[in-house]
Amino acid sequence: TDANSIGVSIVSGNQITFANAGVYNIEYSIQFTNTNTNSSANDRVNIWLRKNDTGTPGDVADTNSLFQIPNKVGTNNGQLIAAINYVYQLDATDFLQLMWLPTTT
């Protein structure tokens, strides 16, 4: 969270919590590195939001994004910065988690 955030904090290592109800601008950026040299296909990763839950029932509809991470070429690893912006209404004490699932580790 931004240092000037009021009522927004990270709890339990990965739960972005909201002390106040409101409409929030939620943004993320993640950098992925691909060391795979398999030229047949780029690796992929799905990233989505999960709300107030540790299982798939908490997955937020329409937040999944699929990114392709270029393969390593020669000595240069493939790189991708995934960045997304959401505007989302939340209730007091709601929390969000950023989830991701790559095709390979």
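Residues numbered from 1 in each chain as written. Predicted model: local features only at pLDDT ≥ 70, side-chain atom pairs only at ≥ 80, totals over all residues. Heavy atoms only, no water.

Peer 1: So what's going on with the side chain of N34? Residues and values would help.
Peer 2: With respect to the secondary-structure elements, N34 resides in strand β3 (residues 22-34). Residue class for N34 comes out buried when judged on its relative accessible area of 4%. A distance of 3.2 Å separates a polar side-chain atom of N34 from the backbone oxygen of I69. Within polar-contact distance, the side chain of N34 engages the side chain of N71 at 3.1 Å. (Helix = DSSP H or I, 4+ residues; strand = E, 2+ residues; numbered from the N terminus. Buried < 20%, exposed > 50% of the residue type's maximum accessible area, 1.4 Å probe, protein only. Polar contact = N/O pair within 3.5 Å; in protein donor to acceptor, adjacent residues only side chain to side chain.)

Peer 1: Now, about the packing of aromatic side chains: what can you tell me, with residues and values included?
Peer 2: Per the counting criterion, the structure on display carries 2 aromatic pairs. An angle of 40° between the planes, with centres 6.5 Å apart, marks the rings of Y28 and Y86 as tilted. Placement of the pair is Y28 in strand β3 and Y86 in strand β6 (residues 78-90), with a sequence separation of 58 residues. We classify Y86 as buried; its relative accessible area is 11%. (Phe/Tyr/Trp six-rings, centres within 6.5 Å; stacked < 30°, edge-to-face > 60°.)

Peer 1: Give me the pattern of salt bridges: which residues, what numbers.
Peer 2: Enumeration according to the criterion identifies 2 salt bridges in this entry. Note that R50 is salt-bridged to D59, the shortest N-O span being 2.7 Å. Between D94 and K51 there is a salt bridge, with its nearest N and O atoms 3.7 Å apart. Taken together, the positions of D94 in the loop between β6 and β7 (95-102) and K51 in strand β4 (residues 43-51) put the pair 43 residues apart, joining distant regions of the chain. (Salt bridge = Lys/Arg side-chain N within 4 Å of Asp/Glu carboxyl O.)

Peer 1: Would you mind going over the nonpolar core in detail, with residue names and values included?
Peer 2: Within the largest apolar cluster, 18 residues are counted, with the highest numbers of intra-cluster contacts made by F18, I26, F32, I47 and F67. Elements with a contribution of two residues or more to this core: β3, β4, β5 (65-69) and β6. Here this core takes 5 residues from β3, the largest share from any one element. With residues up to four places along the chain from it excluded, the contact list for F32 reads V45, I47, I69, G78, Q79, L80 and A82. (Core = buried A, V, L, I, M, F, W, Y, C linked by side-chain atoms within 4.5 Å. Contact = heavy atoms within 4.5 Å.)

Peer 1: Before we move on, can you summarise the side chain of Q97 with the specific residues and values?
Peer 2: Inspection of the secondary structure puts Q97 in strand β7. A polar contact of 3.1 Å, which involves the side chain of Q97, links it to the side chain of N14. The residues contacting Q97, other than those within four sequence positions of it, are N14, Q15, W48, L49, R50 and D53.

Peer 1: Go over the pairing of β5, please, and point to the residues and values.
Peer 2: Only one face of β5 is buried, namely the one carrying S65, F67 and I69, since none of L66 and Q68 on the opposite face is buried. Here β4 pairs with β5 via 5 bridges, running antiparallel. Each residue of the ladder has a partner; that of I47, found in β5, is S65. (Pairing = 2+ DSSP bridges.)

Peer 1: Quick one: what's the story with the sheet that holds β4, residue by residue and with numbers?
Peer 2: Spatially, the 5 strands line up as an open sheet ordered β1-β2-β7-β4-β5, and their pairing is antiparallel. Every other strand in the sheet has two partners, leaving β1 (8-11) and β5 as the edge strands with one partner each. Sheet twist, expressed as the mean angle between neighbouring strand axes with direction ignored, is 25°. (Axes fitted to C-alpha atoms, helices over the stretch in contact; angles between N-to-C directions.)

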